[in-house]
Amino acid sequence: MNQPDSLELVETPLTCQELRRRWIKAFCPTLSQSLKSADYKPVLWVVFSSGRTPCLHGEEARRAFDRQQKGKLLAFYEYDGDEENALMMADASRLQSGALLDENDVYLMDEGAAWTYVSTHEDGYGPYFCRAQPSSEAQPRA
């Protein structure tokens, strides 16, 4: 299978701040409001490493990402400025986790925010693969 040997991203009209908000809403909706603010500076993937949001990690995450059907991907890097444009890969159908080994603190998600793959800068942490979490507002009340 012919796969891209690198993550080939182009800018989108979305800002990184807008995409981060979408990411937080989809993958960690139960975080407190203080953690959802634009001023929250610890790495976002701490929701996975701390166990606050269920996910796959390590080799399981790589396999899940490689098996995942992919189309258009949206992306941002943890330390991009809020006003910088978010990024996208128009056709990620052949993208495999091996192409992301040298990527640090990159957050990928499909256009519909159904899943995310996060490659971290820390040895021993990540990568992480997570399906969108149901928001607390959508949960039926007992």
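Above this text you will find the structure in question.
As the structure is a prediction and not an experimental result, all values here were calculated from the model. (Residues numbered from 1 in each chain as written. Predicted model: local features only at pLDDT ≥ 70, side-chain atom pairs only at ≥ 80, totals over all residues. Heavy atoms only, no water.)

## A word on the environment of V106
By secondary structure assignment, the location of V106 is in strand 5 (residues 106-110). Sequence-distant contacts of V106, that is, excluding residues within four places in its chain, are made with L7, A75, F76, Y77, Y117, V118 and S119. (Helix = DSSP H or I, 4+ residues; strand = E, 2+ residues; numbered from the N terminus. Contact = heavy atoms within 4.5 Å.)

## A word on the layout of surface pockets
Volume-wise, the second largest pocket comes out at about 200 Å³. Contributing to the lining of the second largest pocket are 15 residues, with R62, L101, S119, T120 and P127 lying nearest its centre. (1 Å grid on protein atoms, 1.4 Å probe; cavity = no way out; pocket = protein on both sides within 12 Å on 5 of 7 lines; lining within 4 Å. Points joined across faces, edges and corners; volume = space filled by probe spheres on them.)

## Focus: the side chain of T120
Tracing the backbone shows T120 in the loop between strand 6 (115-119) and strand 7 (128-131). T120 sits in the buried class, given a relative accessible area of 10%. Engagement of the side chain of T120 in a polar contact is seen with the backbone oxygen of E122, the distance being 3.3 Å. One polar contact links the side chain of T120 to the main-chain carbonyl oxygen of Y125, over a distance of 2.6 Å. Beyond its immediate stretch of four places on either side in the chain, T120 contacts W45, E103, N104, D105, Y125, G126 and Y128. (Buried < 20%, exposed > 50% of the residue type's maximum accessible area, 1.4 Å probe, protein only. Polar contact = N/O pair within 3.5 Å; in protein donor to acceptor, adjacent residues only side chain to side chain.)

## Looking at the state of the cysteines
According to the stated counting rule, one finds zero disulfides in the structure shown. With no disulfide of its own, C55 lies closest to C130 among cysteine sulfurs, the gap being 6.1 Å. Classification of C55 as partly exposed rests on a relative accessible area of 24%. (Disulfide = S-S within 2.5 Å.)

## Focus: the nonpolar core
Within the largest apolar cluster, 23 residues are counted, with the highest numbers of intra-cluster contacts made by W23, W45, F48, F76, Y107, M109 and V118. Sort the elements by how many residues they give to this core and helix 1 (residues 16-27) lands first, with six residues. Setting aside anything within four residues of it in sequence, one finds W45 in contact with E78, D105, Y107, V118, T120, H121, E122, Y125 and Y128. Grouped together as the second largest cluster of nonpolar side chains are 17 residues, A61, A64, L95 and W115 included. (Core = buried A, V, L, I, M, F, W, Y, C linked by side-chain atoms within 4.5 Å.)

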